[in-house]
Amino acid sequence: MQPENPEPYSVPIKASWPTTAVPGQPGAHLRAAQADDADPGHGGNATVRSADETDAPNGLEVIPDAEPTHGSKLLDELRSQIAQFVIAPSPEALDAITLWVAATHLQPAWQHAPRLAVVGPAKRCGKSRLLDVLTETVHEPMLTINTTPAAIFRSIGEDDPPTLLVDEADTIFGTPKQAERNEETRGLLNAGHQRGRYVTRVVGNDHTPHKFATFAMAAIAGIGDLPDTVMDRAVVIRMRRRAEGEKVKPFRSRRDIPALHDLRDRIHAWARPLLNEAANLEPDMPVEDRAADTWEPLVIVADLAGGSWPRRARVACARMVAAEAAAEEDHPSGARILADIRRVFAAQREVDSLSTEELLHQLRQDPEAPWAEWGRGGLTARELGRMLRDFDIRPGNVRMADGTQRKGYMRNKFLDAWRRYCPTVHPVPSGNAQPARRSEG
């Protein structure tokens, strides 16, 4: 019997696929299912689509579920409890929050300590309420309100670290001045993502150097995005204000905390005997690099729990990582400039080069891009050059149709950066090009 879920997660399953987990091999049935799904004989779809166009990333939605277990039922219960008090932005985000909470109870097993970035565009999006629920369900919560970085790393034990909870992070990182004053806090959050990163401080009257551990999972809530280096190490939950008709249960400490503590203790009792098994698992991941490092503890918890959670964890991972990659491409100071230049070259029929003047003209023509209003009078050649230097792209002399030379950019200088930072960008059709004002160099 499948556990009750508020959303229709399951889809029809092919009868030839396995439907149960392999005892002692968490996730083994998933690997077999994914191999079958990649086989053209099983209806695999080889069409490549961008992440935001893909409803079932890499066929993960059709991975069959295993039988429910005690662990999967505990995760179902935790998910339902969280959903009583907050409206998550998506079912996948609610799954991710649930798995992150459970992962805090196995911190000694992890190589990486994922951050949970709970961000929203304005007040009253449910960020602090979610942190209230996390405080009562995570392992050894440590609230860091008005806490100095020195006090934080002196409170982190190497064998069994607490779970850091940071609210109102916009008061720490919201402005450049605030961020500069709190650079040590940012450094602590960055270092603590990976095991074995220490800070060294002198202690005692004789000023003896001492290494302090920084490794600990952390949930950080605030208005607006956190620093890029923190977001890159986080499972990002983008909260929204409740719409009309969306209702949640008021959080009342006296009434609700005992039930949450009881659930927390039962999750801890289930998870701790699995510590060594969790430390030795290396699950198949739908993402790579730092995103895989960050999401791996959540996927391992899902594989240990079984039921529908292995599938849901991977779907949440693939979709949420793809959403953040798309958001990064839209950030003006990040990959957005590369993506828009890629569209300009495509609109000009992939010419070999563009003068700086022409490139700036085309960038300013896009009404949805920020370049026309960038600075006082629009994006300048100097600012464009500064942005592109971060990607090791520099202007040079390009030959114009009349035989003259002007400063500009060669298309082949962008190819590696496009491949690395905006591979999913679909350039506009060449029919949408602005009239060309120059020819190939």
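Read on for a plain summary of the structure. If you're wondering where the values come from, they're calculated on a predicted model, not measured in any experiment.

Points about the overall build of the protein
Moving on, step 1. The helix and strand tally for the protein stands at 17 helices and 10 strands.
Moving on, step 2. Relative to its full complement of 441 residues, the protein shows a buried share of 45%.
Moving on, step 3. Once local pairs closer than 6 in sequence are excluded, the contacts in the protein between residues at least 24 apart make up 73%.
Moving on, step 4. Carbon together with sulfur atoms contributes 48% to the accessible area of the protein, which is approximately 22,200 Å² in total.

As for the packing of aromatic side chains
Moving on, step 1. On inspection of all chains with the given rule, the structure shows 6 aromatic pairs.
Moving on, step 2. Considering the side-chain rings of Trp 371 and Trp 374, the 5.3 Å spacing of their centres and the 50° angle between planes classify their relative orientation as tilted.
Moving on, step 3. Ring centres of Tyr 409 and Phe 414 lie 6.0 Å apart, and the angle between their planes is 55°; this geometry places the pair in the tilted category. Residues Tyr 409 and Phe 414 agree in their burial class; the two are buried.

Observations concerning the sheet that holds strand β8 (residues 353–355)
Adjacent strands of a sheet pair through backbone hydrogen bonds, lying either parallel or antiparallel.
Moving on, step 1. On the basis of which strands lie adjacent, the open sheet formed by 3 strands has the order β8-β10-β9 and antiparallel pairing. Both edges of this open sheet fall to β8 and β9 (396–399), since each of them pairs with a single strand only. On average, adjacent strands in this sheet sit at an angle of 60° to one another, irrespective of strand direction.
Moving on, step 2. Note: β9 against strand β10 (residues 405–410), 4 bridges, orientation antiparallel. Across the sheet, residue Asn 397 finds its bridge partner in β10, namely Lys 407.
Moving on, step 3. Against the sheet, helix α15 (residues 356–365) makes contact with β8 and β10, and its axis sits at roughly 85° relative to β8, the strand it touches most.

A closer look at the sheet that holds strand β6 (residues 218–223)
Moving on, step 1. Judged by pairing direction, the sheet is parallel, and its 5 strands sit side by side in the order β2-β3-β6-β1-β7 without closing on themselves. Looking at strand neighbours, the two that pair on one side only are β2 (141–143) and β7 (234–238), the edges of this open sheet. Across the sheet, the mean angle from the axis of one strand to that of its neighbour is 20°, orientation sign disregarded.
Moving on, step 2. Note that β2 and strand β3 (residues 163–166) share 3 bridges and pair parallel. Within the sheet, the bridge partner assigned to Leu 143 lies in β3 and is Leu 165.
Moving on, step 3. With respect to the sheet, helix α4 (residues 127–137) is in contact with β1 (115–120), β2, β3 and β6, its orientation differing from that of β6 by roughly 165°.

Description of the packing of helix α14 (residues 336–347) against helix α16 (residues 381–389)
Moving on, step 1. Where α14 meets α16, the closest approach of the two axes is 10 Å, and the angle between their N-to-C directions is 110°. Our classification of the angle between α14 and α16 gives roughly perpendicular. Each of Ile 337, Leu 338 and Ile 341 in α14 lies in contact with α16, whose residues at this interface are Leu 384, Met 387 and Leu 388.
Moving on, step 2. In terms of residue class, the contact of α14 with α16 is made up of 6 nonpolar, no polar and no charged.

Digging into the environment of Ile 152
Moving on, step 1. Within the secondary structure, Ile 152 is located in helix α5 (residues 149–154).
Moving on, step 2. Sequence spacing of Ile 152 and Ala 213 is 61 residues, and the spatial spacing of their C-alpha atoms is 10.0 Å.
Moving on, step 3. In this structure Ile 152 touches Met 142, Thr 144, Thr 147, Leu 164 and Leu 188, once residues within four positions along its chain are discounted.

A word on the packing of α14 against α15
Moving on, step 1. The geometry of α14 relative to α15 is characterised by a closest axis approach of 10 Å and an angle of 105° between their N-to-C directions. As judged from the angle between their axes, α14 and α15 are roughly perpendicular. Listed contacts from α15 to Ile 337, Asp 340, Ile 341 and Val 344 of α14 are Leu 359, Gln 362 and Leu 363.
Moving on, step 2. Residues that form the contact of α14 with α15 fall into these classes: 5 nonpolar, 1 polar and 1 charged.

What counts and how
- Residues numbered from 1 in each chain as written.
- Predicted model: local features only at pLDDT ≥ 70, side-chain atom pairs only at ≥ 80, totals over all residues.
- Heavy atoms only, no water.
- Helix = DSSP H or I, 4+ residues; strand = E, 2+ residues; numbered from the N terminus.
- Buried < 20%, exposed > 50% of the residue type's maximum accessible area, 1.4 Å probe, protein only.
- Contact = heavy atoms within 4.5 Å.
- Areas by Shrake-Rupley, 256 points an atom, 1.4 Å probe, with all protein chains shown as cover.
- Phe/Tyr/Trp six-rings, centres within 6.5 Å; stacked < 30°, edge-to-face > 60°.
- Pairing = 2+ DSSP bridges.
- Axes fitted to C-alpha atoms, helices over the stretch in contact; angles between N-to-C directions.
- Parallel < 35°, antiparallel > 145°, perpendicular 65-115°, else oblique.
- Nonpolar A, V, L, I, M, F, W, Y, C, P; charged D, E, K, R; others polar.

By themselves, these figures tell us nothing about what the structure is for.
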